[in-house]
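# Overview (structure and organization)
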Amino acid sequence: MNEKSNRNLTFDAYTYGIEPGGLRSKGDINTVICYAVAKSKVKLTQKIISDAMAEGGIANYFEVADAFSRLFRDKIITEDENGCLSASLQCEKLIEMVEKDLPLSIREKSIKIAMRLAEKEMYSKENKVDIEECDYGFNVTMHITDKDIDFMVLRLNVPTMEQAVLIKEKFIENPVKIYNNLIHSLFYD
């Protein structure tokens, strides 16, 4: 048997919570983390990658946390004062050597989910949503800001707290889409 085959038979990671085709090797989990950090066009944090790997069924959450411990310890990836991750030269070399061993679907899925979560985190920091109880239910006030200036404020009244929370989550998920749809409806429909 060749070395690649032996590496692929090393299933040494917990598999609870992963989907079929997910990562079952500690080495593969390390590689996907390095790949996401090195190839992402947005700034990623440990939380974003951990959530992305778990949400996508790519790897077990605890295995991802363990992989981060090893990667930080060995200085394969580093974390700045804001929690943003950077790939070391060693990480870049690791990716070059083993990138083709990881399925393309796992590489693409990990980047896509991590970028979506990074955008959501950025949107939640930049755009504010307030929920206030009123006489007729709940007011949900959504602010789209640019450099601390509100350029759109939208307020909706809904009957239940559950609806208010759902609107807040949907807004934070992609406020730009909501803004674009509203502008399009006002000017083009």
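Residues numbered from 1 in each chain as written. Predicted model: local features only at pLDDT ≥ 70, side-chain atom pairs only at ≥ 80, totals over all residues. Heavy atoms only, no water.

This next bit is on a nonpolar patch on the surface. Taken together, the side chains of L182, L186, F187 and Y188 present a nonpolar region at the surface, about 480 Å² in accessible area. Considering the arrangement of structural elements, one finds L186 in helix α8 (residues 175-188). (Patch = residues over 30% accessible without salt bridge, like charges linked within 9 Å, V, L, I, M, F, W, Y side chains within 5 Å. Areas by Shrake-Rupley, 256 points an atom, 1.4 Å probe, with all protein chains shown as cover. Salt bridge = Lys/Arg side-chain N within 4 Å of Asp/Glu carboxyl O. Helix = DSSP H or I, 4+ residues; strand = E, 2+ residues; numbered from the N terminus.)

Relative to strand β5 (residues 149-158), strand β4 (residues 137-146) runs antiparallel, the two sharing nine bridges. Counted as the bridge partner of D146 is I149 from β5. Turn length for the β4-β5 hairpin, with the two strands adjacent in sequence and antiparallel, is two residues, and the turn residue K147 shows positive phi of about 55°. (Pairing = 2+ DSSP bridges.)

Reading across from one edge, β3-β4-β5 is the order of the three strands in this open sheet, with antiparallel pairing throughout. Strand pairing shows two members of the sheet lacking a second neighbour, β3 (128-134) and β5, which therefore form its edges. Neighbour-to-neighbour, the strand axes of this sheet turn through a mean angle of 20°, independent of strand direction. (Axes fitted to C-alpha atoms, helices over the stretch in contact; angles between N-to-C directions.)

The biggest cluster of nonpolar side chains holds 26 residues, and the ones touching the most others in it are I33, I49, M53 and I77. Within the residue set of this core, elements represented by two or more residues are α2 (26-39), α3 (46-55), α4 (61-73), α5 (89-98) and α6 (104-126). The element that contributes the greatest number of residues to this core is α2, accounting for seven residues. In this structure, F138, M152, V158 and A164 belong to the second largest nonpolar core, which totals ten residues. (Core = buried A, V, L, I, M, F, W, Y, C linked by side-chain atoms within 4.5 Å. Buried < 20%, exposed > 50% of the residue type's maximum accessible area, 1.4 Å probe, protein only.)

On to unusual backbone geometry, then. With a phi close to 55°, K75 is a non-glycine residue in the positive phi region. For K75, the position within the fold is in the loop between α4 and β1 (77-79). You can call K75 exposed: its relative accessible area is 60%.

Here we come to the pattern of salt bridges. Inspection of the entire model under this criterion finds four salt bridges. Notably, a salt bridge pairs D51 with K47, separated by 2.6 Å at the nearest N-O pair. Here the residue D51 and the residue K47 both occupy positions in helix α3, the gap between them amounting to four residues, near one helical turn. K128 serves as the salt-bridge partner of D130, at 3.9 Å between the closest nitrogen and oxygen.

So, about the packing of α2 against α4. At their nearest, the axes of α2 and α4 sit 9 Å apart, and the two run at 70° to each other. Classified by the angle their axes make, α2 and α4 are roughly perpendicular. Contact with α2, carried on its side by K26, I29, N30, I33 and C34, involves E63, V64, D66, A67, F68, R70 and L71 of α4 and no other residues of that element. Considering only residue class, the contact of α2 with α4 consists of seven nonpolar, one polar and four charged. (Parallel < 35°, antiparallel > 145°, perpendicular 65-115°, else oblique. Contact = heavy atoms within 4.5 Å. Nonpolar A, V, L, I, M, F, W, Y, C, P; charged D, E, K, R; others polar.)

This model, assessed by the stated rule, comprises three aromatic pairs. A ring pair is formed by F151 and Y179, whose centres lie 5.3 Å apart and whose planes are at 85°; its orientation type is edge-to-face. Separated by 28 residues along the polypeptide, F151 in strand β5 and Y179 in helix α8 bring together distant segments of the chain. Overall, the relative accessible area of 25% leaves Y179 in the partly exposed class. (Phe/Tyr/Trp six-rings, centres within 6.5 Å; stacked < 30°, edge-to-face > 60°.)

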